[in-house]
Amino acid sequence: MNVATSSPVDDLLNPGESASRPVRILAAAGRMFIEHGYEGASMEEIAKAAAVTRQTLYNRFPEGKESLFVAVAERMWKAFPVMHVPTDDRALADPRNGLMQIAIEFACFWSGPTAADFLRMVFMESRRFPLLAHRFDEVIQGPAMAVCRR
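Fair warning: this is a prediction, and the values are worked out from it, not measured in the lab.

Peer 1: For this particular structure, what's the right way to read helix α3 (residues 43–50)?
Peer 2: Residues three or four positions apart in an α-helix share a direction because the helix packs 3.6 residues into each turn. Within the sequence span of α3, burial applies to Met-43, Ile-46, Ala-47 and Ala-50. The arc that holds every buried residue of α3, seen down its axis, measures 100 degrees, which confines them to one face. Residues of α3 that are exposed and point more than 90 degrees away from the buried face comprise Glu-44 and Lys-48. Looking at the buried residues of α3, the elements they touch are α2 (21–40), α4 (54–60) and α5 (65–79). Once α3 finishes, Ala-51 follows within two positions and takes phi at roughly 60 degrees, a positive value.

Below, the structure is given as structure tokens:
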């Protein structure tokens, strides 16, 4: 029997009942964007999945669905553990250790079908949201390259 384990991405998209309202909104939006794509996900469906009113959603994201989509992606980028590699003395002391740590963090964080679906969805929408590609470079590739330059 093949038992799938959850990845950190799964945990971000399914934070549990005790999560704060902003976390539940971003998690629900992430799930809806993955399931329906940017065009197919509506603010009404996202509000329903987050167990909030549509007005609450617009109060938090007055610019609408676009700003919510960017916030979901930013949340993922910021949770990616590679960001912390440049502050790890062991990783910085030996580039081999640093690169190994990057590879392990990458594999663990992006494992599982939900993570792959999320990445696929973001890459497909990168033309519409060039900011996402820029932030990916800044938040994920930048720290990884900092380790490689040392």
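Peer 1: Before we go on, may I ask you to explain the packing of α2 against α3 in this structure?
Peer 2: A packed helix pair is summarised by two numbers, namely the angle formed by the two axes and the spacing between the axes. Running from amino to carboxyl end, α2 crosses α3 at an angle of 145 degrees, the nearest separation of the two axes being 8 Å. Crossing hand, α2 versus α3: right-handed. Contacts between α2 and α3 involve Arg-24, Ile-25, Ala-28, Ala-29, Arg-31, Met-32, Phe-33, His-36 and Gly-40 from the first element and Glu-45, Ile-46, Ala-49 and Ala-50 from the second. Residues that form the contact of α2 with α3 fall into these classes: eight nonpolar, two polar and three charged.

Peer 1: Quick question: what am I supposed to make of helix α8 (residues 113–124) here?
Peer 2: Its twelve residues give α8 an end-to-end C-alpha distance of 16 Å, which sits within 8% of 16 Å, the value for a rise of 1.5 Å per residue. Inspection of α8 places Ala-115, Phe-118, Leu-119, Met-121 and Val-122 among the buried residues, and these make up the whole buried set. Along the long axis of α8, the arc covered by the buried residues comes to 160 degrees, so they all point the same way. Exposed positions of α8 whose direction lies more than 90 degrees from the buried face are Pro-113 and Met-124.

The rules behind the values
- Residues numbered from 1 in each chain as written.
- Predicted model: local features only at pLDDT ≥ 70, side-chain atom pairs only at ≥ 80, totals over all residues.
- Heavy atoms only, no water.
- Buried < 20%, exposed > 50% of the residue type's maximum accessible area, 1.4 Å probe, protein only.
- Helix = DSSP H or I, 4+ residues; strand = E, 2+ residues; numbered from the N terminus.
- Arc of directions from axis to C-beta.
- Contact = heavy atoms within 4.5 Å.
- Axes fitted to C-alpha atoms, helices over the stretch in contact; angles between N-to-C directions.
- Left-handed = near helix turned anticlockwise from the far one by under 90°.
- Nonpolar A, V, L, I, M, F, W, Y, C, P; charged D, E, K, R; others polar.
- Expected span 1.5 Å × (residues − 1).

Coordinates in, geometry out; function isn't part of it.
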